[in-house]
Amino acid sequence: MTSQHASEDGIRFVLNGKAVSFAGRPDTTALDVIRNHFGLKGTKEGCAEGDCGACTVLLRRDGAARQAANACIMTAAQLDGVELTTVEGLKRDGVMTPLQEAMASNGSSQCGFCTPGIVMSLTGLIENTPQPEEEAIHDALAGNLCRCTGYKPIVEAARTAAAAGLEPAMAADLPDWHSEVSSDGSVLHQPATLDELTALRAAHPDAVILAGGTDLGVARADYHSDWDRIVSTRRTRELRAIDETADAWTFGAAVTWGEILEAVREDYPSWATLIRRFGSTQIRAMGTVGGNIGTASPIGDGPPALIALGATITLASQARGSRSLPLEDFFLDYRKTELKSDEVIVSVTVPRPKPGEAFRVYKLSKRYDQDISTVCGAFWLAMEDGKVTACRFAYGGMAAIPKRARASEDKLLGQPLDVSAQAEAVAALSEDFAPLSDWRGSADYRMRTAGALVQRLARDLAGETVEVMAL
Ligand SMILES: Cc1cc2nc3c(=O)[nH]c(=O)nc-3n(C[C@H](O)[C@H](O)[C@H](O)COP(=O)(O)OP(=O)(O)OC[C@H]3O[C@@H](n4cnc5c(N)ncnc54)[C@H](O)[C@@H]3O)c2cc1C
Ligand code: FES
Ligand code: FES
């Protein structure tokens, strides 16, 4: 449902089956709205930065299935026109769901602080995947921390509930969303088209451009900043589009990592493995490709893979229209990019694989799940008669920006991927990079592991089994 009108009674959404409105500032956290405005205390606050899952709720947007998301880094702005379910809304006719029963009878909860969040994550899983594989259960729990029960009885409860079946809840009619909502000095704009978005960007260069809010929400919690003007990209048609041709995927900037994972699973299994380790199910449901690029973190997981795959980025402004450039040219210096103050990121175009090409990406992080990379290495190669005819290697965590390893690439061109060519490529990495030491890893660790990833690539392409795990 859509509306091109400004709202006069605040943000309207469905909460646990009932139409409600919230007339406070759109930059209020959703957790605050749930706990303090509506008095629903089952949704907990643990870390307040998307890591622990205690605040997990279910969100239905655009009529899609309900998805688990973190209320602590979400804002009221993201609730307009959606259906929100908290743990209080799970019971059907006053009866606990099979999952709640299984959690209660299986000893899956001790102090109980994490339990509502875990129940919401697993409900999201079982509603979307009625017979989940073991791996899917673990994936669904990657964003939920329990400090006292231990995960075994929780996983057992998930298996029991999945076997019993969980009827998805009836979808409520979504209320209209609004082009503008304002309250108490904070304004939310929800442009429906790219033209509207670029016009707002030009008129309000200082507005917060909000996509999934998984970076912005953490920054806001850390710095207690207020957002007096928000321009959300969630309702902008062109930014939500996924276009597939025989040659390329084009992902609108507001396409989520969860959606990209589904799209690229078959074309790029190695990339899909990386995306499964991108945050948690909750983060992938909200976090977008445009947000990841817009943040321009040197350790973001999107850019290395996209650069190695030869992606191009499209930007647009009201004054100058659209322009496209290779993604590798978008990053200029630490958190500095090509994006001008009147521009937005529209989309990213990723070539599809052709015969004779190979692609691998490896992420090294302190934890396997729900952790940002220390080093991420992405490798695309074209091979003919056993020799490398073209290649693009890109690393995160090795420089102030996500960056190509051109000297290393040069050593492989025209060569077989044998031990001596690998050694030259590894040695040349010191021409490409002079990484920093920080709490994630020392410069020495980063150089050594970046080289080890080239060797891992060669073994992987030679068909040797390589465990992809955190180091
Ligand atoms: C718990 C947790 C785990 C995480 N794990 C990972 C991880 O494993 N790997 C990783 O890389 N990242 C991770 N992140 C970071 C984050 O989830 C990603 O960077 C995500 O892709 C950001 O997307 P978003 O839509 O939430 O961006 P937002 O927070 O909405 O926006 C981020 C920035 O991009 C700008 N922006 C957004 N869209 C546009 C646009 N169309 N045009 C111009 N500017 C725009 C915003 O203004 C803002 O500056 C994690 C975050 C959390 C909280
Ligand atoms: S409170 Fe920890 S993820 Fe939200
Ligand atoms: S039951 Fe105590 S934190 Fe999980």
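Residues numbered from 1 in each chain as written. Chains lettered and ligands numbered in written order. Predicted model: local features only at pLDDT ≥ 70, side-chain atom pairs only at ≥ 80, totals over all residues. Heavy atoms only, no water.

Draft legend 1. Representation of the overall build of the protein chain. Scanning the protein chain from N- to C-terminus turns up 16 helices and 20 strands. Scaling as 2.2 N^0.38, a compact globule of 471 residues should have a C-alpha radius of gyration of about 23 Å, and the protein chain matches this with 23 Å. Its C-alpha atoms give the protein chain principal-axis dimensions of about 70 × 60 × 40 Å. Among the 471 residues that make up the protein chain, the fraction classed as buried is 55%. Looking at the protein chain alone, contacts between residues at least 24 apart form 65% of all its contacts between residues at least 6 apart. Roughly 19,700 Å² of accessible area belongs to the protein chain as shown, and the carbon and sulfur atoms make up 50% of that amount. Positive and negative side-chain charges of the protein chain, numbering 47 and 62 respectively, have mean locations separated by a distance of 3 Å. (Helix = DSSP H or I, 4+ residues; strand = E, 2+ residues; numbered from the N terminus. Rg over C-alpha atoms; globule rule 2.2 N^0.38 Å. Buried < 20%, exposed > 50% of the residue type's maximum accessible area, 1.4 Å probe, protein only. Contact = heavy atoms within 4.5 Å. Areas by Shrake-Rupley, 256 points an atom, 1.4 Å probe, with all protein chains shown as cover. Lys, Arg positive; Asp, Glu negative; His and termini not counted. Charge placed at Lys NZ, Arg CZ, Asp CG, Glu CD.)

Draft legend 2. A look at the pairing of strand S12 (residues 312-317). Where burial is concerned, most of S12 is hidden: 5 out of the 6 residues are buried. Pairing geometry for S12 and strand S13 (residues 321-326), over 6 bridges, is antiparallel. Each residue of the ladder has a partner; that of Ser 317, found in S13, is Gly 321. Between S12 and S13, which follow one another and run antiparallel, lie 3 residues. Direction of pairing for S12 relative to strand S16 (residues 343-351): antiparallel, over a ladder of 6 bridges. Paired with Ser 317 across the bridge in S16 is Glu 343. (Pairing = 2+ DSSP bridges.)

Draft legend 3. Structural view of the pattern of salt bridges. By the definition in use, this model includes 30 salt bridges. Between Asp 62 and Arg 235 there is a salt bridge, with its nearest N and O atoms 3.3 Å apart. Residue Asp 62 is located in the loop between strand S3 (56-60) and strand S4 (67-70), and its partner Arg 235 is located in the loop between strand S9 (229-232) and helix H8 (237-240); the two are separated by 173 residues in the primary sequence. By relative accessible area, which is 13% here, Arg 235 ends up buried. Across the pair Glu 328 and Arg 406 runs a salt bridge, and its minimum N-O distance is 2.6 Å. Residue Glu 328 is found in the loop between S13 and strand S14 (331-333), and its partner Arg 406 is found in helix H14 (residues 406-412); the two are separated by 78 residues along the sequence. Beyond isolated ion pairs, a larger network of salt bridges with shared partners links Arg 25, Asp 27, Arg 220 and Asp 228. (Salt bridge = Lys/Arg side-chain N within 4 Å of Asp/Glu carboxyl O.)

Draft legend 4. A look at the sheet that holds strand S18 (residues 375-384). A sheet is described by the order of its strands in space; here 4 strands give the open sequence S17-S18-S19-S20, paired in antiparallel fashion. Every other strand in the sheet has two partners, leaving strand S17 (357-364) and strand S20 (403-404) as the edge strands with one partner each. Pairing analysis gives 8 bridges linking S17 to S18, with the strands arranged antiparallel. Residue Arg 360 lies in a different strand from S18, and its bridge partner there is Phe 379. Together, S17, S18 and strand S19 (387-396) form the strand contacts of helix H16 (residues 443-461), whose direction differs from that of S17 by roughly 140 degrees. (Axes fitted to C-alpha atoms, helices over the stretch in contact; angles between N-to-C directions.)

Draft legend 5. Broad picture of the site of ligand 1. By nearness alone, 36 residues border ligand 1, and Ile 209, Thr 214, Asp 215, Thr 288 and Asp 301 come closest of all. At a separation of 2.6 Å, an oxygen atom of ligand 1 approaches a polar side-chain atom of Thr 288. In this structure, Lys 363 approaches ligand 1 through a side-chain N or O atom, which is 3.0 Å from an oxygen atom. Calculation on ligand 1 without its partners gives an accessible area of 990 Å², and the protein chains cover 92% of this total. Take the shell around ligand 1: its biggest share by element is 5 residues, from helix H12 (residues 289-295). (Near = heavy atom within 4 Å. Polar contact = N/O pair within 3.5 Å; in protein donor to acceptor, adjacent residues only side chain to side chain.)

Draft legend 6. How the structure looks around the packing of helix H3 (residues 115-128) against helix H5 (residues 151-164). Running from N to C, H3 and H5 cross one another at 40 degrees; their axes reach a closest spacing of 11 Å. You can see that H3 and H5 cross each other, and the crossing is right-handed. Together, Ile 118, Leu 122 and Ile 126 of H3 and Ile 154, Ala 158, Ala 161 and Ala 162 of H5 make up the contact between the two elements. Residue classes in the contact of H3 with H5 are distributed as 7 nonpolar, no polar and no charged. (Left-handed = near helix turned anticlockwise from the far one by under 90°. Nonpolar A, V, L, I, M, F, W, Y, C, P; charged D, E, K, R; others polar.)

Draft legend 7. Structural view of the packing of helix H2 (residues 98-105) against H3. Running from N to C, H2 and H3 point in directions that differ by 135 degrees, and their axes come no closer than 10 Å. With respect to each other, H2 and H3 are oriented oblique. Judged by the sense of rotation from one axis to the other, the crossing of H2 with H3 is right-handed. Here Leu 99, Gln 100 and Met 103 of H2 lie close against H3, whose contacting residues are Thr 115, Ile 118, Val 119, Leu 122 and Thr 123. Split into classes, the residues belonging to the contact of H2 with H3 amount to 5 nonpolar, 3 polar and no charged. (Parallel < 35°, antiparallel > 145°, perpendicular 65-115°, else oblique.)

Draft legend 8. Region of interest: helix H15 (residues 419-432). With 14 residues, H15 should reach 20 Å at 1.5 Å per residue; the first-to-last C-alpha distance of 20 Å fits that figure. Lining the buried residues of H15 we find S19, S20, H14 and H16. (Expected span 1.5 Å × (residues − 1).)

Draft legend 9. Representation of the pairing of strand S1 (residues 11-15) within the structure. For S1, the tally of buried residues reaches 4 of 5 residues, placing the bulk of the element in the interior. Here S1 pairs with strand S2 (residues 18-22) via 5 bridges, running antiparallel. Of the residues in S2, the one forming a bridge with Phe 13 is Val 20. Both S1 and strand S5 (residues 83-85) contribute to a ladder of 2 bridges, which runs parallel. Bridging across to S5, Val 14 finds its partner in Glu 83.

Read these as layout, nothing more, since geometry by itself doesn't imply function.
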